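Notes for the structure review
Here are the chains, one letter per residue:
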Amino acid sequence: MPGIRRNRRGERLGNDWEVGRRVVKSVYELYRERGFIEQITDEPLIRDLLARESVTCYIGFDPTAASLHIGSLVPIMALAHLQRHGHRAIALVGGGTALIGDPSGKTEMRQILTRDQIDHNASCLQRQLSRYLDFGEGKAMLLNNADWLTRLNYIEFLRDIGRHFSVNKMLTAESYRMRLEKGLNFIEFNYMLLQAYDFLNLFQQYGCIMQMGGNDQWGNMVAGIDLIRRVTGKTAYSMTFPLITTSQGNKMGKTEKGTVWLDANLTSPYEYYQYWVNTDDADLARFLALFTFLPIGEVATVEGMNDSRLNMAKTVLAFEATKITHGEEAAAAAWKASVQAFGSKPVDEELFPTSTIPRSTQLLDSAAIP
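What comes next concerns the included structure.

What counts and what doesn't
- Per chain, residue numbering runs from 1 following the sequence as it is written.
- Only residues with pLDDT of 70 or above have their local features reported here, since the model is predicted, and side-chain atom pairs are shown and tallied only from 80 upward, although totals for entire chains, interfaces and linings are computed over all residues.
- No hydrogens and no water enter the side-chain calculation; it runs on all heavy atoms of the structure.
- Between any two strands, at least two bridges found by DSSP are needed for them to pair.
- The helix and strand labels rest on DSSP assignments: H or I over at least four residues marks a helix, E over at least two residues marks a strand, and numbering proceeds from the N terminus.
- Contacts are residue-level and defined by heavy atoms, with any inter-residue pair within 4.5 Å sufficient.
- To define axes, lines are fitted to C-alpha atoms, for helices over the stretch in contact only, and angles between the resulting N-to-C directions are given on a 0 to 180 degree scale.
- Throughout this description, the term salt bridge denotes a Lys or Arg side-chain nitrogen within 4 Å of a carboxyl oxygen of Asp or Glu.
- Partly exposed describes any residue whose relative accessible area lies between the buried limit of under 20% and the exposed limit of over 50%, with all areas from a 1.4 Å probe on protein chains only and scaled to the type maximum.
- Aromatic pairs are defined between Phe, Tyr and Trp rings, using the six-membered ring for Trp, whenever the two ring centres lie within 6.5 Å; interplanar angles under 30 degrees are classed as stacked, those over 60 as edge-to-face, and all others as tilted.

**Some remarks on the sheet that holds strand β6 (residues 88–93)**
Overall, mixed pairing links the six strands, which are arranged β4-β9-β8-β5-β6-β7 in an open sheet. A strand with exactly one partner marks an edge of an open sheet, and here the two such strands are β4 (39–40) and β7 (141–144). Where strand β5 (residues 56–61) and β6 come together, six bridges link them in parallel fashion. Bridged to Thr-56 within β6 is Arg-88. The strands touched by helix α10 (residues 191–206) are β5, β6, β7, β8 (208–214) and β9 (237–241); relative to β8, the strand with the most contacts, the crossing angle is about 145 degrees. Those strands touched by helix α11 (residues 218–232) are β4, β8 and β9, and its axis lies near 170 degrees from that of β9.

**Some words on the pattern of salt bridges**
Counted under the stated rule, the structure contains eleven salt bridges. Its salt-bridge partner being Asp-119, residue Arg-115 comes within 3.3 Å of it at the nearest N-O pair. Placement of both Arg-115 and Asp-119 in helix α4 (residues 115–129) is noted, with a separation of four residues, approximately one turn of the helix. Of the residues examined, Arg-115 reaches a relative accessible area of 38% and is grouped as partly exposed. With a relative accessible area of 33%, Asp-119 lands in the partly exposed category.

**With respect to the packing of aromatic side chains**
Applying the stated criterion across every chain, the model contains nine aromatic pairs. Consider the rings of Tyr-272 and Trp-276, whose centres lie 6.1 Å apart with planes at 70 degrees: the pair is edge-to-face. Taken together, the residues Tyr-272 and Trp-276, both in helix α12 (residues 269–277) and four residues apart, mark about one turn of the helix. We classify Tyr-272 as buried; its relative accessible area is 0%.

Here is the structure:
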């Protein structure tokens, strides 16, 4: 019979466990219960595929800066979960597509960067993504689409790839429609073709059957699926994530001081920790589900917490999120600095027993941490 897991208080944490062994959920089920999925193609097929066999999926990252920011964490965490469930993740750095700029979600054309700027940014992102994914042999892959896009022959590309695209259909994509009033230049108009070609190339070269990313990429993803079908006669899939905003309607990762970066030289681990510890009560459970690896059953207990325990849970969120991005040592240092600067209410040792905030005999007078 299925068993019920409980914390030390006897509070129910969920029924994902059986007597003597853990029931392993598929990554699709994890995505669904943690709030990762916004849109999906052929949902029953994807659900079955992710449950039955190892598949290869990719997400693209735009190298328009030398660091990713908190707004990129949803796709990063999605790839990390994918890898933890035995699937192969491809992190694709858009060194080629960044040369023209992605119009998706933008009301104005992006600033054009030089090849040297983009190459520098791409190398920085490659190192950064290595903190979240294991790129060891046979595991996750880190690729740069400049390796194939910059070698394309324009005439051949138009003949072999461009002929599969309908201009009328492209103009129905939201990313293009929102730009038509102010003007959409021809460079940006090509972006959908290039992203679709990325998907085709990864499908053919690496057996990548699914593209994932932000919901503003839906039109480009569907274009890639259609191109794969037309060229190979085979089926591919896509999944988008919600574009995260706070309960106040603010864009994720934006503060009065500016963007919250994942690079410690741009946003220190202490500042990063403070961003999370100041999470609004209404966002806490959602952020714990999306931005930590804590079991979802434990995250669900936040819904019934009062003010004092909510503050404790925010400390857990801040520590776990900082640990994932900057390492446990930096997270512990940020926590200690926060306690020294602001003081802290004790964190109940029975709250989130899987959290790893360390004991500190020097700070036990101000905070009792399990």
